[in-house]
Amino acid sequence: MRRVACPPRDNWVEIVEAQGLTYHTHEGKPYWFESARYEFSAREIAELEQATNDLHALCLSAIDEIFARDWLERLHIPAKFHDLMRRSWDDDPPAIYGRFDLAYSGEGPPKLLEYNADTPTSLLEAAVIQWRWLADLHPEADQFNSVWEGLVEKWAALKDEGFFPDGCVHFAHERAWEDLMTITLLRDSAEAAELQTRALHMDEIGWNEGTRRFVDASGEEIETLFKLYPWEQMLDDPFMEFVLESYPRPHWMEPAWKLLLSNKAILPILWELAPGHPNLLPAYDDGPRDLTEFVKKPVFSREGQNIAITTSDAQHYQPGEYDEGKSVWQSYARLPEFGGNHAVIGSWVIDGEARGIGVRESDTPITTDLARFVPHLIVGDE
């Protein structure tokens, strides 16, 4: 794995905007960054792929243990929602995608930092924008990236199984550009599988008192709803009483059990169930214990907010809105650093399989919303 400086395309802004990436610049600095690229060997890609598949299998096994050992309280899920979590797992509703964040330099096994299993973003950049970059500048090279194909295949398989009774999927999101880009990519992939889609904002989801069903802005009943909205936020929303009343309609995508994995409290559970696993870092929910270098993470933190790193020679802290007191402590894994750029691997899981990666880099060891997305390619065998 190495970082290589390279000239960007002269009209890269116009190109990526035409491909749907309107959120390409943040606070005057490029978010999509093609003045560099990351190069991986085939061996490194194979190692990332295997680690991702192993971690996903480990996570699914952990869910069985969570229910068998009645550990939902350890995941800070209120008791009134425990039945929903169990039913959503037992009913086996389909799950579409997720993103593991991994620390990896090419030396030693990839290490799990967290699993963005419910509402991962940077999907458009990973699936489409970096692939088009590769086609324009390095058509002879390859990239670990079949994310788009995996999405279309999953939607098509569900359609063939008769999962969508009306042949339609509603897609809901908050009023943010990044969320809109992610939802648009997901809608496009569903439509490529010959499904109908409807878009609406989360605050446009209505409730029909007569039928006791959720409806869209036009009054149409929602049979299947993909929401880019975290389950932990939904649990605090007043309309959750209607979710509990009407479950399993609509079909919720992603399903409620995804909250068990997108929650950082899963990290100590994984370590407890598989201590010493080569892709896991020691993690605890009652303090750092014997860790001398560690990261304190609020269980529902996003975009690096309220993350605190303690090492032998420095401390780093990122302010934010998630300092609610529920945290875990994880052994510190240093991200590979290239000239002050700290790189984290986002490894995408589509329908339970590793289908591609994206690289984001930050100016500090904490990956924040200012992290740059940098394209990658595969070179050589070793």
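Structure first, text after, so check above.
To start, this report covers the structure provided alongside it. Values in this document were obtained by computation on a predicted structure and should not be read as measured data. Residue positions are counted from 1 within each chain, in the order its sequence is given. For this predicted model, a pLDDT threshold of at least 70 governs which residues receive local features, and a threshold of 80 or more governs which side-chain atom pairs are given and counted, while totals over whole chains, interfaces and linings are taken from all residues. With hydrogens and water stripped out, all remaining heavy atoms of the structure feed into the side-chain values.

## Thoughts on the nonpolar core
The line we're drawing: Only buried residues count toward a nonpolar core. Its members are Ala, Val, Leu, Ile, Met, Phe, Trp, Tyr and Cys residues joined through side-chain atoms within 4.5 Å. Burial here depends on accessible area, computed with a 1.4 Å probe over protein chains only, as a share of the maximum for the residue type. Under 20% is buried, over 50% is exposed, and the range in between is partly exposed. Counting from the N terminus, the helices are DSSP H or I runs at least four residues long and the strands are E runs at least two residues long. The criterion used for residue contact is that any of the two residues' heavy atoms lie within 4.5 Å.
With 75 residues, the main nonpolar core has Phe40, Leu75, Ile77, Met85, Trp231, Ile266 and Ile345 as its most contacted residues. No other element matches helix H2 (residues 42–68), which puts eight residues into this core. Ignoring sequence-local partners within four residues, the contact set of Ile345 consists of Met1, Phe40, Leu48, Phe100, Asp101, Leu102, Tyr104, Ile357, Gly358 and Val359. Counting 39 residues, the second largest nonpolar core, distinct from the first, contains Val152, Trp155, Phe163 and Ala190.

## A few points about the packing of aromatic side chains
Our working rule: Between rings of Phe, Tyr and Trp, where Trp is taken as its six-membered ring, a pair exists when centres lie within 6.5 Å; planes separated by under 30 degrees are stacked, by over 60 edge-to-face, and by other angles tilted.
Here the structure, examined in full by the defined rule, presents 17 aromatic pairs. A centroid spacing of 5.5 Å and a plane angle of 75° characterise the contact between Tyr38 and Phe338, whose relative ring orientation is edge-to-face. Taken as a pair, Tyr38 in strand S4 (residues 36–40) and Phe338 in strand S18 (residues 337–338) lie far apart in primary sequence, 300 residues in all. For the ring pair Tyr97 and Trp348, a centre distance of 6.0 Å and an interplane angle of 15° mean the geometry is stacked. Taken together, the positions of Tyr97 in strand S5 (residues 97–103) and Trp348 in strand S19 (residues 341–350) put the pair 251 residues apart, joining distant regions of the chain.

## Here we look at the sheet that holds strand S13 (residues 283–284)
The criterion, for reference: Here, any two strands with at least 2 DSSP bridges between them count as paired.
Sheet architecture is open: five strands sit in the order S13-S17-S14-S15-S16, paired in antiparallel fashion. A single partner strand is all that each edge strand has here, and the edge strands are S13 and strand S16 (315–317).

## So, empty space enclosed by the protein
For the record, the criterion: In this analysis a 1.4 Å probe is tested at points of a 1 Å grid over the protein atoms alone, and where it fits but cannot get out there is a cavity; an open set with protein on both sides within 12 Å along at least five of seven lines is a pocket; lining residues have an atom within 4 Å of a point. Grid points are joined across faces, edges and corners, and a volume is the space filled by probe spheres set on the points. Here the term charged refers only to Asp, Glu, Lys and Arg, the term nonpolar to Ala, Val, Leu, Ile, Met, Phe, Trp, Tyr, Cys and Pro, and the term polar to all other amino acids, Gly among them.
Following the criterion strictly, the structure yields one cavity of 30 Å³ or more and no others. Size it by volume and the largest cavity reaches roughly 40 Å³. Contributing to the lining of the largest cavity are Leu112, Leu267, Leu270, Trp271, Leu280, Leu281, Ala283 and Gln330. The element contributing the most residues to the lining of the largest cavity is helix H10 (residues 266–273), with three residues. Residues of the lining of the largest cavity, tallied by class, amount to seven nonpolar, one polar and no charged.

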